[in-house]
Every structure is written in C-alpha cells, then in structure tokens.
Amino acid sequence: MDLSGRWFVRMDPDRQYTPISDQTPPLSDQTHNEAGFQPVLLPGTLRDSGLGNPVGPNTKWIAQGKPALLERPEFKKHQAPDQFKIPFWLQPKLHYVGSAFYQRTVEIPETWQGQQVSLSLERPHWRTQVWVDGKPGGEDDSLSTPHVYDLTNQLTPGRHTLTILVDNSLQPLDVGINSHSVSDHTQSAWHGIVGKIELRAEPRQAIHNVQVFPAIDGRSATVTLNLKNLGEKKRDGKITFRVTQQNEVLGTRSLNVTAVNQDGNIETSIPFSREAKRWDEFNPQQCLLEVTLRSDKSSVATKQISFGIRHLTTKGTRFILNGRPLFLRGTLECCIFPLTGYPPTDVESWKRIIRICKAHGLNHIRFHSWCPPEAAFVAADELGFYFQVECSTWPNSSTSLGIGKPIDEWLYREGERVLTEYGNHPSFLLLAMGNEPGGPQRGGKYLGPWVEHFKSLTKRQLVTSGAGWPSIAENEFHVRPDPRIQQWGQGLRSRINGLPPSTMVDYRDFVNQFEIPVISHEIGQWCVYPNFDEMKKYVGSLQPRNFEIFRELLAEAQMPDQDHDFLMASGMLQKLCYKEEIESALRTPGFGGFQLLDLHDFPGQGTALVGMLDPFWDSKPYMTASEFSHFCGPITPLARMAKRTWTSDEVFAADIEVSHFGPNDLSAVEPKWSVSCDAEMIESGSLPTLDIPTGKLARLGRIELPLGKLGEPAKLTLRVWLSDGKQEHGNDWDFWVYPPAIDTPPTEDILVVDTLKGTTESHLKNGGKVVLLVDPANLDSKVQIGFSSIFWNTAWTSGQSPHTLGVLCDPKHPALSAFPTEFHSNWQWWELVSRSKPIELDSLPPDVRPIVQVVPDWFRPQRLGLIFEVKVGDGKLLVCSIDLKNELEARPVARQLRQSILKYAASDNFAPTKSVDVASIHRLLSRSTSQSAND
C-alpha cells in the first residue's frame, strides 16, 4: 500500500505531543489544526511543503563553521536577518532541526487479515519512532537502510491512525557534525522521509533476509535466508531455489521445510550446470535468484534477488577481482544534490551519475561518511561500477570513537544493517566505518575489533577501519593521504609548488612499506574560480548565496567582467594539476588506486570548487569527459620525462609505459608516437611491437629526439597511442624548447632598472622608456603565489598557500610575442611563478589591467599583476615582478621572457594608454623602491 501523498505534521522540538490512542472523532483538517498539525507532502521534506524556520544568524546548523571569518566586513554585512547569506555552503530556504510528528489515517483491507504487515520507510532523516492508534510500534536509528516496522499485531483490518516521529538532531546520538549523512555542508540537514513509504502485506509464512554467496569457481552459490511463520501452528512447506543468468537456468534446488512462530534459518548450496559468467566493470553479468515458498497448497511467498558472480581478494598490495588485478580509479560522492538537498532514490538518476563517471574513465565511487540508497547499487550493478560504502559517520570534531559514547554501539548496528541490506550487490566491494575518525589511537583502539567483527561477517566485501586513517593491522586495505601531490598544510612546500615539474614521480617507495593494498585518499582538491553562469541552475531547495557573495566581491574589486576569464584560466590549470595527480598514481607499480576529491564541486566547507564538473554533474566549459579519460582510464599510456623545459642543444627523452587494467591481455601491440608544434608534425614513429598483459604497469620503450633543428622557442606536444583492437587509447604531454643562449643587446633609449629613484624618474619625465624588474623579495604582499591552484579553499585551510589560481594573459599581446604561451598557466610558467610575487594593483585606476594577471582567490578578489604597463607623465613604464635577473644561465624560460619583454619595450608597440602618476607607483612598490639598487 503506497502511503505517498498528503500527511499532517507537527514540528515539536520539545516533544510535547503524545500520540493519542483513541481517534474520536476521526482525524480531519480541523482536528489536526487544533492539535498543531499542518499539511505536508510525503515523500519529501518539510521545506518542500514550505515548512520550517527561515534561515538567519541564529540558525543552528549541523555543520562546523568558521565564525571568525564572518566577522570580516565583507561577510558581516550579510549576517543581518533581512539579508542573511552564508558563504560556507549552499543555503536552504527553510531549516528545521529537531522532532516532528507525521500523521495520517490508513485503511487496512479485509484481505490482509492473517497476513504479516510491515511499514517500510526507505530513507527517513533520520531517527524514527512509530505509533499505531497511539500504541508504540518500535523505533529505528539507521542512516543507511530503510526503517522497517513489523506492525502485524496492530494494523488489523479497518481504519487506524499512523504516527511517525522523525528526529534529525544529533542528540542523543552524535555521528559527527560534519558527516555527509547529516551535515548542512552538502545534502543539508533536511527533515522528512523520501523514497518509498509503504505498508506491505506478506503471507503467513514469509521469506526474509536472503543472502547469496557465490563460489569462487562460479559453479555454485550458497544461499541463506530466514523464514517467519505467523501463528502457533506448524506449517510444512516446500522451498524452491532457481538461479538464472541471461534467461538461462543455471541451477535449481528444492527443500522441504517446517516453520513455527519464530525465526527459522535455512542454508543451502545450489550447484550450477555450467560456470557462470563473471561480473565486473567490463561485463556486468548478473544472475537472478528466485526463491518460492509453498505452504498449505495455497500460501505462496516469493523473493527475487539479483547478484553477481565475482570474487574479490588481495595479493600483496594489489586488489584481485575474478583472478585479475584491479586498479580503482575513483571519486568521492559526498551527498551533493543541490536541487533537493537529499539523494535520489530512483535508478535512472544514479545511472546518469555513474555513466558520467565512466565517461571520465573512472570505475569507482567512495561514499564519504554516508551510504546511498538501494537505487544506487542497482544502477552500479547494471552498469558495472565499484562502491566503497561507509557507515554514515565522520566521528571527529563533535564526537570520537572508543570513549563510551553512543556511537560506539551504534556503529556495530549500522554496519550489520548495511551488510544485510546491500551485501548481495556485486558493486558493493569495500566497507569502511567512515571518514578520518577521532579517539584513542586515532580511532584505532576501537576500530581493531570493529574490523575483525565485520571481516567475520562478510567474505563478499573487503573491510577497512576508516578512510584516511587509522592504518591498523586488522585492515584488509588502507586508504591513506600520503601518496598524493599536496598534503594539508604543505602550502608552497608541496611537490607541485616546490620542485621543478617532471613526470618521473611515483609512490612505489611508500606502497612497498605495506603488505596489503593502499588507496590514495582524497587526491586532488584543486580549485577553480566560481562559474557564476551556474547560478541559474539552482531552482530547488538550496540557493547559491555563497556565489552571490563572491560575485559581489568581484564587482567591488571592479573586475565583474573577468569572471569567465578567471574561470577558464584557472580551469586549465586545474586540469594540469589533476592530470599530474592521476598519472602519478598510475605510474606507481603495485598501487591499489585513488579516490579523487572530487570529480564534481563540493559546495560546503567554505565552498570547495574542486571539480571539473559542477554540483549537478555537468561539465564546466574548459574540460570534456573525453579529454579527462585520456589520462584516466583502464588503458592509459604514460610518459616519464625528467623535465618539461629543454634547450635546443639537448636530446629530448621520454620513457613510455602503459597502465593496463583492461579486460584482456593485448597481443602484438605496436605503440605509436608523434611530436608536434601546433598543427605541424615535427617527428613521429613507432615503438617495438609487444604483448601487454593486463593488470600491471608495462614499459613500452624510449623516445629520443634531438632538438637542434628547432630554431625558435616553441611549445611541443608528445602524443602516444595504442589500440586494443576495438579502441584507440592515447595520451599527450606538453614540453617546451628554448635556445641555449640569448643575446639581448642593450637599447640606448630603454632603462632596465630595479628602482624608480634618481635618473629613472627623470628619464620617465623626459618621455623615456623604463622596464622596471622588481625584486620579488622586496615586495610587501600578503598574497602568496604558487604554480598550483588553491588547495581546497583558503577559508577552510586557514589561508593555506597558494592564494592564487594561476596566470591569465593574452598570448597575442606583443609583449609576449617571443614567449610561447597560452592564455593560462602551463608547466613552463613554473620557473617564472616560483620566483615571483604578485603586485597588488587595487590602488591604481580600475582600467589598468595587467599584461600578465594572476587569477585571485574568490574570497579576496584582488587585481594582481606580474607584468603591467602604464604611462607616467610623457614616459612609458613596464613593471615586472618576476625574477628576470638572477641565474639566467640556468633558467631558459626566464631568459626567453626577458627577451620578449625587452623586444616589446624597444618597439613602437610599447605604447601604454593608461596614465598613472609616479607617486602612485612609489606607493605601489614602496618596499621595493626603498631598497638600494642599480640605477
């Protein structure tokens, strides 16, 4: 019986209401109104029906915030009740935390007499209690599985009042204030019941909890189930098992059974007539188990269970699926659903998400501190996709493990419910407690026995303690943050910011410390500038008030026209960062895999714009799924290059490998390669023909290319590809070639200086040209620039550097005519950016835009420049805050940019139109110009 539709609700945070046992007169709108009830539609949330409290400065969020940040003037003005906006996460229109009673009448038909009757709530949020005609019917506290109540003795034929208490607070059970199962950071602290809400009638003898355990050899399956008989009378019956695959019968089994009025457990093995086809990401072949119970010739109970024949184990540091090594290429899903604020419960919605992930070359989702509904597993089973499921907790900040809090006992209950409800799904590969726990030994003291308990319950899944930590001996695999480019707190000391770029790094030394698989934890976290065009998509329960604040800040900084340019330039840099992040993992022999944070944006925790997709799983304008899959897929060519910048007297060299985790070994493969400059082919060739076994990193050969015939500086692209007989798999890498030396003769009418003192000012006043090469060490700027984009976001990392999102320039500007570049950062910029400091230009007129601009932090959008030009009186001034003076003999990129700038300054093209007085320049560079320098 479908119970969706009109209910009544009473919001009752103090629980003053008591369900009454006698409904006379019958419930009506009037009697409900008198008792403080209001109409509400279920499935749905309170706010879907326009109920809840307006959000404002006193809203009690279920989320850890940053109160100090709100004291900054630009955010404090949005804390007034009449214009409240929060910058930390998407803002619901209405908010309610606490208890609410949902109530309606139900009419039980006469045909249900003598049957087992249950109430099923697919996804309440979250703790529930049930009453029938005022009499208690039980309670449930699962965040992961449906709440099912046996109401056989209460729901007899006739009219009844059904009351459900839903409580979404963290009292008395706190699973962690930042857990994505409950937090306002992502799905929002919604209140209600979504998914199926129904009463079910089953025969007097019913089948429950069917679990299927396929044999490793694929020739049989063990089935366990529970039979429940209503009544005292013994009932003999016959139970039949039938397994099919693609409509072909694999095996059958029949058993005679007797059940009394108690649970009866049955276990049997079903032999197959042939070896079943295996389930995996490439061939998601499922089987169907039909269980039929016949009793008294007329009573029939049936169950259908889909499952897959697959076997997951480990061998050393490798996952082994169906005898073949498995590399997990995953992303997180943090319960981000901005239209509703809660997860979908229909299969098609989940198929869309999984198809998008697969199009990007991924095969895995980690559900960070939450568990998806049944529809997600069904979709993954059908499409071939792997899940890491967690028990809906991030026990840190507001709670901890192993110190006697209610969560200690609850985590055992929740884990068992998850395995019982979803354990048959072949997509369910990995089980973890949750995310980054707190407690003694970082949660390890508690989690050791927890892991052992669940290892004893399941052989279908592998079990670990927590994502991130602890790496305890009981784990069957680890999820560690160490093997990634940047750690929290590293700032400019990370590899991507502190070391010259190469494609040599892997994590083999770290992996070899362990004897079980290691998955890298939450790699990436590289940000882009907000895409304000996305705001029109928010037509549901959550509103992008954070984006409204960021757009306002950009307008106040007098750069409202640059939002799209900032997005595109930072997006291209983000793509570079993720490419190197993923390829580093793929280059690592014996690695278990990676979990991105994230393929799509994370709208909470300060607004972490870390995705190449937006929160709606739609692509951003700078990246396609096809481009991403070139460096992230089951078969991915890789190149190891010692550096990204070369000189034309060198021989370019790259060792070529392939990460091959496709479905089959490859025979007689001839890898091919090319080097091109723009559309012009420079060189091409083939590597030796060879066989490539699946499940490993294989060496393909070495490419060497003398660079002497390249006369001009250039960006070149190495491309490598191979075919598996059905599809081509290719990847590419940019590198740059510069002259080994540059002769830049001095020009008499140009002063190249590092100060504006003395004769420099006179030269400008007399209409001369000046190139001011500011020493970055002498610039007083709080903005810390790095090559990479912002990590996670500066609000949530307490201002961790870098504070910038790459460079933005016009490649056609004549100042850059001799310096090969795109409009955005690429790897050649590392040498320049690492020895630079941005100049804060906000004090200059707003129409002074830099030649080379730095994309700012959206929390503090400043006009930042590395190179800019202005008129000073009758003179012409070009200012550069990149070190273009020191150690040029070892810095070909800096040499080339210096030559390009000086060539421009000597030309008639050097004709700045924006005028600034010399005093403004002095104030801008006050610390620099106070230093002694050449004049």
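Criteria and cut-off values
Residues numbered from 1 in each chain as written. Predicted model: local features only at pLDDT ≥ 70, side-chain atom pairs only at ≥ 80, totals over all residues. Heavy atoms only, no water. UniProt positions renumbered as here; feature names shortened; annotations may be inferred. Pairing = 2+ DSSP bridges. Helix = DSSP H or I, 4+ residues; strand = E, 2+ residues; numbered from the N terminus. Axes fitted to C-alpha atoms, helices over the stretch in contact; angles between N-to-C directions. Domains from an automatic or database assignment. Expected span 1.5 Å × (residues − 1). Buried < 20%, exposed > 50% of the residue type's maximum accessible area, 1.4 Å probe, protein only. Contact = heavy atoms within 4.5 Å. Phe/Tyr/Trp six-rings, centres within 6.5 Å; stacked < 30°, edge-to-face > 60°. Lys NZ or Arg CZ within 6 Å of the ring centre and 35° of its normal. Salt bridge = Lys/Arg side-chain N within 4 Å of Asp/Glu carboxyl O. Polar contact = N/O pair within 3.5 Å; in protein donor to acceptor, adjacent residues only side chain to side chain. Disulfide = S-S within 2.5 Å. Right-handed = clockwise from strand over helix to strand, strands pointing away. Parallel < 35°, antiparallel > 145°, perpendicular 65-115°, else oblique. Left-handed = near helix turned anticlockwise from the far one by under 90°. Nonpolar A, V, L, I, M, F, W, Y, C, P; charged D, E, K, R; others polar. Core = buried A, V, L, I, M, F, W, Y, C linked by side-chain atoms within 4.5 Å.

Under the annotation held in an unreviewed UniProt entry, the chain carries the name Beta-galactosidase and is attributed to Novipirellula herctigrandis. As its UniProt record puts it under Sequence similarities (unreviewed entry), the chain is described as follows: "Belongs to the glycosyl hydrolase 2 family."

**Q** How should I be thinking about the sheet that holds strand S29 (residues 478–480) in this particular structure?
**A** Hydrogen bonds along the backbone pair up the strands of a sheet, which may run parallel or antiparallel. Spatial ordering of the open sheet is given by S28-S27-S26-S25-S24-S32-S30-S29, a layout of 8 strands whose pairing is parallel. For this open sheet the edge positions go to strand S28 (462–464) and S29, each flanked by a neighbour on one side alone. Adjacent strand axes in the sheet meet at a mean angle of 25° when their direction is disregarded. Sheet analysis places S29 next to strand S30 (residues 518–524), joined by 3 bridges and oriented parallel. In the strand pairing of S30, His-478 is matched with Val-518.

**Q** Help me understand the domain arrangement of the chain, please; the structure alone is not making it clear to me.
**A** By convention, interface size is frequently given as the accessible area that disappears when the constituent parts associate. Here the chain is described as being made up of domain 1 (5–201), domain 2 (217–308), domain 3 (330–542 + 580–599), domain 4 (635–738) and domain 5 (750–925). Distance from the C-alpha centre of domain 1 to the C-alpha centre of domain 4: 57 Å.

**Q** Explanation requested: helix H6 (residues 406–422) in the structure shown.
**A** Think of an α-helix as turning once every 3.6 residues; residues three or four places apart then point the same way. For H6, built from 17 residues, the straight-helix expectation of 24 Å at 1.5 Å per residue is met to within 8% by its first-to-last C-alpha distance of 24 Å. Buried within H6 we find Ile-407, Asp-408, Trp-410, Leu-411, Glu-414, Gly-415, Arg-417, Val-418, Leu-419 and Tyr-422.

**Q** Mind showing me how you'd approach the environment of Ile-193 here?
**A** Note on placement: Ile-193 falls in strand S13 (residues 192–202). Using a relative accessible area of 0% as the deciding quantity, one classes Ile-193 as buried. Spatially, the C-alpha atoms of Ile-193 and His-125 are 6.2 Å apart, while their sequence positions differ by 68 residues. Beyond its immediate chain neighbours, meaning those up to four positions away, Ile-193 contacts Leu-42, Pro-43, Gly-44, Leu-121, Arg-123, Pro-124, Ile-164 and Val-166.

**Q** Please clarify how the sheet that holds strand S33 (residues 635–640) should be interpreted in this entry.
**A** With respect to topology, 3 strands assemble into an open sheet ordered S33-S35-S40, the strand pairing being antiparallel. This sheet does not close on itself; its edge strands, each paired only once, are S33 and strand S40 (696–706). Taken over all neighbouring pairs, the strand axes of this sheet differ in orientation by 25° on average, direction set aside. The pairing of strand S35 (residues 651–660) with S40 spans 10 bridges and is antiparallel. Within S40, the residue paired with Ile-656 across the bridge is Gly-701.

**Q** So what exactly am I meant to see when it comes to unusual backbone geometry here?
**A** Cis geometry is adopted by the peptide bond preceding Pro-43, which originates at Leu-42 and carries an omega value of 0°. Following the sequence through the fold, Pro-43 ends up in the loop between strand S2 (38–42) and strand S3 (44–45). Cis geometry is found at the peptide bond from Trp-469 to Pro-470, where omega equals 0°. Position of Pro-470 among the secondary structure elements: in the loop between S28 and S29. At Ser-369, a position not held by glycine, the phi torsion is positive, near 55°. Position of Ser-369 relative to the elements: it lies in the loop between strand S25 (364–367) and helix H5 (374–383). On the basis of relative accessibility, which here comes to 0%, the residue Ser-369 falls in the buried class. If you check the backbone angles, Asp-678 has positive phi at about 55° while not being a glycine. Relative to the elements of secondary structure, Asp-678 occurs in the loop between strand S37 (672–677) and strand S38 (680–686). On the accessibility criterion, Asp-678 (72% relative accessible area) is exposed.

**Q** Honestly, the packing of aromatic side chains in this entry has me stumped. Any pointers?
**A** Think of a pair of aromatic rings as described by two things: how far the centres are apart, and how the planes are tilted against each other in angle. One pass over the full model with this rule turns up 45 aromatic pairs. Ring geometry for Phe-602 versus Trp-792: centroids 5.0 Å apart, planes at 50°, classification tilted. Of this pair, Phe-602 sits in the loop between strand S32 (593–597) and helix H12 (625–630) while Trp-792 sits in the loop between strand S44 (769–773) and strand S45 (804–809), placing them 190 residues apart in sequence. By the burial criterion, Phe-602 is buried, and Trp-792 matches it. Ring centres of Trp-858 and Phe-859 lie 6.2 Å apart, and the angle between their planes is 40°; on these two criteria the pair is classed as tilted. With respect to class, Trp-858 is no different from Phe-859; both count as buried. An aromatic cluster of three or more residues is present, and its members are Phe-337, Trp-350, Phe-367, Trp-370, Phe-377, Phe-385, Phe-387, Tyr-422 and Phe-428. In this arrangement the basic side chain of Lys-66 is found over the ring face of Trp-796, its NZ or CZ atom lying 5.3 Å from the centre. Positioned above the aromatic ring of Trp-469, the side-chain terminus of Arg-442 is 3.7 Å from the ring centre.

**Q** Help me understand the pattern of salt bridges in this model?
**A** A side chain of one charge can pair with a side chain of the opposite charge when the charged atoms of the two come close. A complete count under the given rule lists 56 salt bridges for this structure. Between Arg-545 and Glu-548 there is a salt bridge whose closest N-O contact spans 2.7 Å. Here Arg-545 pairs with Glu-548, and both are found in helix H10 (residues 545–556), just 3 residues apart, close to one helical turn. In the salt-bridge network here, residues are joined through shared partners; they are Asp-140, Asp-141, Glu-409, Arg-413, Glu-414 and Arg-417.

**Q** Mind showing me how you'd approach the side chain of Arg-72 here?
**A** As for its placement among the helices and strands, Arg-72 is situated in the loop between helix H2 (67–70) and helix H3 (73–76). Given a relative accessible area of 18%, Arg-72 falls into the buried group. At 2.9 Å, the side chain of Arg-72 forms a polar contact with the side chain of Glu-74. From its side chain, Arg-72 meets the backbone oxygen of Phe-859 in a polar contact 3.5 Å long. In this structure, Arg-72 is in contact with Phe-859 and Arg-860, ignoring residues within four places of it in sequence.

**Q** Honestly, the state of the cysteines in this entry has me stumped. Any pointers?
**A** Two cysteines, two sulfur atoms, one covalent bond between them: this is a disulfide. Taken as a whole, this structure holds 0 disulfides when the rule is applied. In this structure Cys-335 is a free cysteine whose sulfur lies 8.9 Å from that of Cys-334, the closest cysteine sulfur available. With no disulfide of its own, Cys-577 lies closest to Cys-527 among cysteine sulfurs, the gap being 10 Å. By relative accessible area, which is 0% here, Cys-577 ends up buried.

**Q** Explain helix H15 (residues 892–905) here, please?
**A** For H15, which comprises 14 residues, the first-to-last C-alpha distance of 20 Å matches the rise-based estimate of 20 Å (1.5 Å per residue) to within 8%. Most of H15 sits out of view: 11 of its 14 residues are buried. What H15 keeps buried is the set Pro-892, Val-893, Ala-894, Arg-895, Gln-896, Leu-897, Ser-900, Ile-901, Leu-902, Tyr-904 and Ala-905.

**Q** Even after reading the chapter, I still don't get the pairing of S44, so can you show me in this structure?
**A** In terms of burial, S44 is a largely internal element, 5 of the 5 residues being buried. Neither face of S44 is open: one carries Lys-769, Val-771 and Leu-773, the other Val-770 and Leu-772, and all of them are buried. With 4 bridges connecting them, strand S43 (residues 750–753) and S44 associate as parallel partners. Looking at the pairing, Val-752 lines up with Val-771 of S44. Each parallel crossover has a hand, and for S43 linked through helix H13 (residues 759–765) to S44 it is right-handed.

**Q** Explanation requested: the packing of helix H4 (residues 347–359) against H5 in the structure shown.
**A** The relative placement of two packed helices is expressed as an angle between their axes plus a distance between the axes. Where H4 contacts H5, the axes come no closer than 8 Å and their chain directions differ by 50°. Viewed along their axes, H4 and H5 adopt a mutual orientation that is oblique. Relative to H5, H4 is oriented so that their crossing is right-handed. Along its contact with H4, which presents Val-347, Trp-350, Lys-351, Ile-354, Arg-355 and Lys-358, the element H5 presents Ala-375, Ala-376, Val-378, Ala-379, Ala-380, Glu-382 and Leu-383. The residue makeup of the contact of H4 with H5, split by class, is 9 nonpolar, no polar and 4 charged.

**Q** Explain the nonpolar core to me, please; I cannot follow it from the model alone.
**A** Nonpolar side chains tend toward joint burial in soluble globular proteins. Counting 161 residues, the largest nonpolar core has Phe-387, Trp-450, Phe-594 and Trp-829 as its most contacted members. With sequence-adjacent residues up to four places away left out, Trp-450 is seen in contact with Cys-391, Leu-411, Tyr-412, Ala-432, Met-433, Val-463, Thr-464 and Ser-465. Among the nonpolar cores identified, the runner-up in size contains 30 residues, and Ala-654, Ile-692, Ala-698 and Trp-733 belong to it.

**Q** Please explain the pairing of strand S10 (residues 135–140) as it appears in this structure.
**A** Look at any regular strand and the pattern is simple: side chains alternate between the two faces of the sheet. Sheet analysis places strand S9 (residues 127–132) next to S10, joined by 5 bridges and oriented antiparallel. Opposite Trp-131, over in S10, you have Pro-136 as the bridge partner. Counting the residues in the hairpin turn of S9 and S10 gives 2 residues, including Asp-133, whose phi is positive at 55°.

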